[in-house]
Amino acid sequence: MTNDRSDVSTARSRQLAFNGLKSFTDASFLGVLLILIVMFVYFSVSSSSFLTSANINSMLTGVSILFVVSIGMTFAMLSGGIDLSVGSILALSCILFGKLANQAGIPIGLVIVLTLVAGAMIGGFLNGGLIGKIGLSFLVVTLGSNILLRGVVNLWSNTKTEQIISPFLEGFAFNKFLAVPYPVWVMIVVLALSLYVLRSTYFGRDVYAVGGNADAARLSGINVGRTIMIVYAITGLLSALGGVITVSRVGAASPLVGETLIFEATAAVLIGGTSFKGGAGGVTGTAVGVLFLGVLQNGLAVSGVQTFWQQVVTGTILILAVLIEKFRSEERISSSLSRFRRTTPDPVSPAS
Amino acid sequence: MNDQGGDQRVHAQIDGTATIESVPPLLAAENVFKHYGGVHALHDAALHVGVGEVHGLIGENGSGKSTFLKILSGQILPDQAEITLDGEPLPLGKPTLSLASGIATVTQETTLVPDLSVAENIVLGRRAVRRWWGLDRRASRKRAAEVLDRLDLHVDPRTIVNRLRPDEKQMVEIARAISMDAKVLILDEPTSSLTDEEVAALFGVVKSLKAHGVSTIFVSHRMKEVFEITDRVTVLRDGKLVAERDTAELDSAGLIELMVGNKLEEKTPPTLSTTSGEVKLKVDHLVVPGMVQDVSFEVGPGEIVGFAGLIGAGRSELLKAIFGLHPTAEGRVELDGAEVLSHNPRHAMRNGIALVPADRKEQGLILEMSIKENLVMAHTARSWRLGRPPRRREAKEVAQAVESFRVAGAKGRGGASIGSLSGGNQQKIVLAKWLATSPQAILLDEPTRGVDVGAKEEIYGLLDDLRSSGSAILVSSSETPELIRLCDRIFVMFRGRIVASMANENASESAIANYATGNN
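Residues numbered from 1 in each chain as written. Chains lettered and ligands numbered in written order. Predicted model: local features only at pLDDT ≥ 70, side-chain atom pairs only at ≥ 80, totals over all residues. Heavy atoms only, no water.

Novice: What's the story with the nonpolar core in this structure? I'm lost.
Specialist: In a soluble, globular protein the nonpolar side chains are often hidden away together inside. In terms of nonpolar packing, the biggest core is built from 92 residues, with Phe75, Phe97 and Phe292 of chain A touching the most fellow members. Ranked by residue count, the leading element in this core is helix 4 (residues 53-78) of chain A, at 15 residues. In this view, Phe97 of chain A contacts Ile108, Val111, Ile112, Thr115, Ile164, Leu169, Val244 and Val247 of chain A; residues no more than four positions away in its chain are not counted. Within the second largest apolar cluster, 78 residues are counted, among which are Ala348, Ala381, Ala472 and Cys487 of chain B. (Core = buried A, V, L, I, M, F, W, Y, C linked by side-chain atoms within 4.5 Å. Buried < 20%, exposed > 50% of the residue type's maximum accessible area, 1.4 Å probe, protein only. Helix = DSSP H or I, 4+ residues; strand = E, 2+ residues; numbered from the N terminus. Contact = heavy atoms within 4.5 Å.)

Structure (structure tokens):
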């Protein structure tokens, strides 16, 4: 008997018939989704100012930066790595944006494109190249590039915040389309595209394969190095997108942004059920993880509770999520289930 | 293979009643049940091991052996079980308590810390001897040396474990188990990565343990070893106890019949290739520095050529080099007359070469992914990466592979995790995955490692069928009977060179062993 997930049995195999449902039913973020829903209902009932369109919109817009960065981080973690430099890439994108828009006087639309391309290049060539092509440790490489890029940010900006005046940007940050703020549209588009790429392309499979077992992937003819480069390019691109949203919302390019982003993004991805070892999880979970953090913080704030409680709850949930993953992978769940299922209280062992 | 303890043993019938003739056995496990969801892994299994007895636990993959062993070692909590060790009930579901009670397990996967010394590994996990300045390394070394001596092992306790051969590592594991005063030692397929010589050394240790009154539960797929080392065997089939016998009462055919029921027919003789003269694959002066020395040979279309030799003789490295996995490989490899030696597996695949790697779990499959995704992985590796995998065609492909490779437990479950299949069926998927690339040269490294007898024969049949595709087929195996069963010609390698080549009709286990050990 192999001791793998097979035995989660009949209920599961029945669901296999509904292929579309499958990804949802065995998803590891279901627990967190449940807590999110309970939390949402609780805040809606307990506070009259929570469930208002203004508050929901502001909550969603508030998490939009974390959202896109966390989606990028999901790619890195699915491939079996992590990108510690997301915060610095985001800050560098802000500064680059400011320099291009103010000093070079390039039109805003082009500035946005250039910033995104720069983010993808830094992620892809600096991080991805060293990790994927040269084979260095992702921890060391991205830790190093995080420090390095932060240094570049401080030197280049002279640690000064630079104002960027652009009606276009302002409109993007604060106006709505079909009653939904533009940053939220960006979230939706990023989620949809990532979902498509990961679930419906060969590249998406490659990401899971490389994260699951890079050796086997390579022997199967998958270009592991290139896959890793593209993964970190995506993470860089989405970090830069986070930078663009930051600039639009703040109306300025500040060198101080994104310093704690790495912790929140990693937490969101892990809470969303993506495995720290790679190869399992997905962006839907990350979306749930980010919304969890957003609803918690916003709900506590409108309820007048000290928002530091958000940190306590987030930390607890994060550890619980990892704990649950451990139980899953060691398959104790099935044995404890069968223990619960027994109706007669026959002894677990004659010994005890 | 003495039997002086025979009259003291418990003779259990299949109906579960046990007649105790004199002293109870050291380890007695009765009424062992374990269900996973709706599947029963163990259903009324039992095991009795006497003092100083070497007891074979035999069964096909999926018969419940592993589950049984994991219950004994406390890794799995059974649904129900009555297990006593030395008359005392054995605490269940707690690995540390099983160990403390005296049940130690040595598995295929080494659990040693590679960067520590032999001595440190042996005393690992226990309170080391302390002095006022800290740890007393000399005392640890002495303790380790005593255990190694007891096992008649000549390994310097200061050696870093990383530098040891695989069999030596296993011995150190055994030494560690012994140093914890184990009464029962579980050896779970200890020989699958060892050469004959190393196996002999291992058996020497098992025998000296026996002399010290330590019992051994021995699990192996190799019949020869079971007969060589065990006093008694317990056969499991589908989670049930089928038979418990003295080994001397059985012969190989009888044991296999107990294992598989009646589904195995007479051993199939090899279907040899009929082609002559044509050359499909030509390897010319292939060198991998330090591993393969100037190897040349030719393989005809539809021919199966085997490579025998000890671990480290260069068999695996030769196959890997042809598949482009050795950046330092030099020489010429021609497939259908075209030069195909590369330093990149992707180029090798493009040139029509496939490698079925030796380590299914580490190299052959991605256990997190589904049966389907694993199956199509290799032949879609060159598709446009942003393309959409054709779901319907893939589903059909899985259904076909499951059908023609007779993959048990995979029907209509293409989306299920590959890990849910048993070892033999996983191996069939690995094979199907590579055959889907329509290779012109197929390299198989240990194609049936860790696979049960029935699945083995099925895999042999599949390879026989492959001949008609006209591909060149290369098999490297540490199981000589397998090579004799399969191959038209067998090359024996020793220290990186081909030292002998024999046609199937001239090949014998003893001749191959002779060349493989360098006696020539």
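Novice: Even after reading the chapter, I still don't get the packing of helix 5 (residues 86-103) of chain A against helix 7 (residues 138-157) of chain A, so can you show me in this structure?
Specialist: Each pair of packed helices gets described by two things: the angle between the helix axes and the distance between those axes. Residue and element names in this part refer to chain A. Where helix 5 meets helix 7, the closest approach of the two axes is 8 Å, and the angle between their N-to-C directions is 25°. As judged from the angle between their axes, helix 5 and helix 7 are roughly parallel. The chirality of how helix 5 crosses helix 7 is left-handed. Here Gly87, Ser88, Ile89, Ala91, Leu92, Ile95, Leu96 and Lys99 of helix 5 lie close against helix 7, whose contacting residues are Asn146, Leu149, Arg150, Val152, Val153, Trp156 and Ser157. When the residues that make up the contact of helix 5 with helix 7 are grouped by side-chain class, the tally is nine nonpolar, four polar and two charged. (Axes fitted to C-alpha atoms, helices over the stretch in contact; angles between N-to-C directions. Parallel < 35°, antiparallel > 145°, perpendicular 65-115°, else oblique. Left-handed = near helix turned anticlockwise from the far one by under 90°. Nonpolar A, V, L, I, M, F, W, Y, C, P; charged D, E, K, R; others polar.)

Novice: Before we go on, may I ask you to explain the sheet that holds strand 11 (residues 184-188) of chain B in this structure?
Specialist: Strands pair in a sheet through their backbones, by hydrogen bonds, and they do so in one of two ways: parallel or antiparallel. Residues and elements named next belong to chain B. Reading across from one edge, 8-11-12-5-13-14 is the order of the six strands in this open sheet, with mixed pairing throughout. In this open sheet, the two edge strands, each paired with only one partner strand, are strand 8 (103-106) and strand 14 (240-246). Here the average twist between neighbouring strands, direction ignored, is 20°. Bridging between strand 5 (residues 54-58) and strand 12 (residues 215-219) involves three bridges; their strand directions are parallel. Directly across from Val54, in strand 12, lies its bridge partner Thr216. (Pairing = 2+ DSSP bridges.)

Novice: Teacher, can you tell me more about the side chain of Asn57 of chain A here?
Specialist: Secondary-structure assignment places Asn57 of chain A in helix 4. Setting aside chain neighbours within four positions, we find Asn57 of chain A in contact with Lys176, Ala179 and Pro181 of chain A.

Novice: I tried to follow the packing of helix 4 (residues 137-150) of chain B against helix 5 (residues 166-179) of chain B on my own but got confused; where do I start?
Specialist: Residue and element names in this part refer to chain B. Running from N to C, helix 4 and helix 5 cross one another at 110°; their axes reach a closest spacing of 9 Å. Of the possible angle classes, the one that applies to helix 4 and helix 5 is roughly perpendicular. Of the residues in helix 5, those in contact with Val147, Leu148 and Arg150 of helix 4 are Ala175, Ile178 and Ser179. Residue classes in the contact of helix 4 with helix 5 are distributed as four nonpolar, one polar and one charged.

Novice: It is not clear to me how the packing of aromatic side chains should be interpreted in this structure. Could you clarify?
Specialist: Centre distance and the angle of the planes are the two values used to describe a pair of aromatic rings. On inspection of all chains with the given rule, the structure shows 11 aromatic pairs over all chains. Measuring from centroid to centroid gives 5.5 Å for Phe307 of chain B and Phe491 of chain B, while their planes differ by 35°, and the two rings are tilted. Separated by 184 residues along the polypeptide, Phe307 of chain B in strand 17 (residues 304-308) and Phe491 of chain B in strand 23 (residues 489-494) bring together distant segments of the chain. According to the relative accessible area criterion, Phe491 of chain B is buried, its value standing at 5%. The rings of Phe40, Tyr42, Phe43 and Phe50 of chain A are connected pair by pair, giving a single aromatic cluster. (Phe/Tyr/Trp six-rings, centres within 6.5 Å; stacked < 30°, edge-to-face > 60°.)

Novice: Can you walk me through the pairing of strand 20 (residues 353-356) of chain B in this structure?
Specialist: For a regular strand, the rule is simple: side chains alternate between the two faces of the sheet. Residue and element names in this part refer to chain B. Neither face of strand 20 is open: one carries Ile353 and Leu355, the other Ala354 and Val356, and all of them are buried. Pairing analysis gives four bridges linking strand 20 to strand 21 (residues 441-445), with the strands arranged parallel. By the bridge assignment, Ile353 is partnered in strand 21 with Ala441.

Novice: So what exactly am I meant to see when it comes to a nonpolar patch on the surface here?
Specialist: All names here are of chain A. On the surface, Leu110, Val113, Leu114, Val117, Met121 and Phe125 cluster together into a nonpolar patch covering about 550 Å² of accessible area. Relative to the helices and strands, Phe125 resides in helix 6 (residues 108-133). Phe125 sits in the exposed class, given a relative accessible area of 54%. (Patch = residues over 30% accessible without salt bridge, like charges linked within 9 Å, V, L, I, M, F, W, Y side chains within 5 Å. Areas by Shrake-Rupley, 256 points an atom, 1.4 Å probe, with all protein chains shown as cover. Salt bridge = Lys/Arg side-chain N within 4 Å of Asp/Glu carboxyl O.)

Novice: What is the right way to read the pattern of salt bridges from this model?
Specialist: It is possible for side chains bearing opposite charge to pair when their charged atoms get close. All names here are of chain B. Applying the stated criterion to the full structure yields 21 salt bridges over all chains. Asp231 serves as the salt-bridge partner of Lys210, at 2.5 Å between the closest nitrogen and oxygen. With Lys210 in helix 6 (residues 196-211) and Asp231 in the loop between helix 7 (223-229) and strand 13 (232-237), this pair connects stretches of sequence that are 21 residues apart. We note that Lys210, like Asp231, is buried. A salt bridge links Glu446 to Arg315, with the nearest nitrogen and oxygen atoms 3.3 Å apart. Here the residue Glu446 occupies a position in the loop between strand 21 and helix 15 (453-466), and Arg315 occupies one in helix 9 (residues 315-322), the gap between them amounting to 131 residues. Within the structure, one salt-bridge network assembled from shared partners comprises Glu457, Asp464, Arg467, Arg485 and Asp488.

Novice: Would you mind going over the confidence of the model for chain A with me for this structure?
Specialist: Residue and element names in this part refer to chain A. The share of residues in chain A with pLDDT of 70 or more is 85%, and the mean pLDDT across the chain is 84. Segment residues 1-26 is flagged for pLDDT under 50; beyond a separation of four residues in sequence, or across chains, it makes 37 contacts in the model. Every residue in residues 331-352 is under pLDDT 50, and counting partners more than four places away or in other chains gives 28 contacts. (pLDDT = per-residue confidence, 0-100.)

Novice: Help me out: how do you make sense of the environment of Phe227 of chain B in this one?
Specialist: By secondary structure assignment, the location of Phe227 of chain B is in helix 7. Linking Phe227 of chain B and Ala321 of chain B, residues 94 residues apart in sequence, is a C-alpha distance of 37 Å.

Novice: Looking at this model, I keep getting lost on the sheet that holds strand 22 (residues 472-476) of chain B. Mind explaining?
Specialist: All names here are of chain B. The six strands lie next to each other as 20-21-22-17-23-24, forming an open sheet whose pairing is mixed. Each edge of the open sheet is held by one strand with a lone partner, namely strand 20 and strand 24 (497-503). Sheet twist, expressed as the mean angle between neighbouring strand axes with direction ignored, is 20°. Where strand 17 meets strand 22, four bridges bridge the pair, whose relative direction is parallel. Looking across to strand 22, one finds that Phe307 is bridged to Ser476.

Novice: Just checking my understanding: could you explain the pairing of strand 24 of chain B for this structure?
Specialist: All names here are of chain B. With six bridges connecting them, strand 23 and strand 24 associate as antiparallel partners. From the neighbouring strand, Phe491 faces strand 24, where its bridge partner is Ser501. Taking the residues between adjacent antiparallel strands as the criterion, strand 23 and strand 24 are bridged by two residues, where Arg495 takes a positive phi near 50°.

Novice: Help me understand unusual backbone geometry in this model?
Specialist: Most peptide bonds adopt trans geometry, and most residues besides glycine take a negative phi value. Residues and elements named next belong to chain B. Unlike most non-glycine residues, Asp44 shows phi in positive territory, near 60°. With respect to the helices and strands, the residue Asp44 is situated in strand 4 (residues 39-49). Since its relative accessible area comes to 31%, Asp44 is described here as partly exposed. Phi is positive for Ser438, which is not a glycine, with a value near 45°.

Novice: Mind showing me how you'd approach helix 3 (residues 30-46) of chain A here?
Specialist: Residues and elements named next belong to chain A. If you check helix 3, its first and last C-alpha atoms are 24 Å apart, about what 17 residues at 1.5 Å a residue would give, namely 24 Å. Buried residues of helix 3: Val32, Leu36, Met39 and Phe43, and no others. Down the axis, helix 3 shows its buried residues gathered within 65° of arc, on one side only. Exposed and oriented more than 90 degrees from the buried face of helix 3 are Leu34, Val38, Tyr42 and Val45. Elements that come into contact with the buried residues of helix 3 comprise helix 13 (261-271) and helix 14 (283-302). (Expected span 1.5 Å × (residues − 1). Arc of directions from axis to C-beta.)

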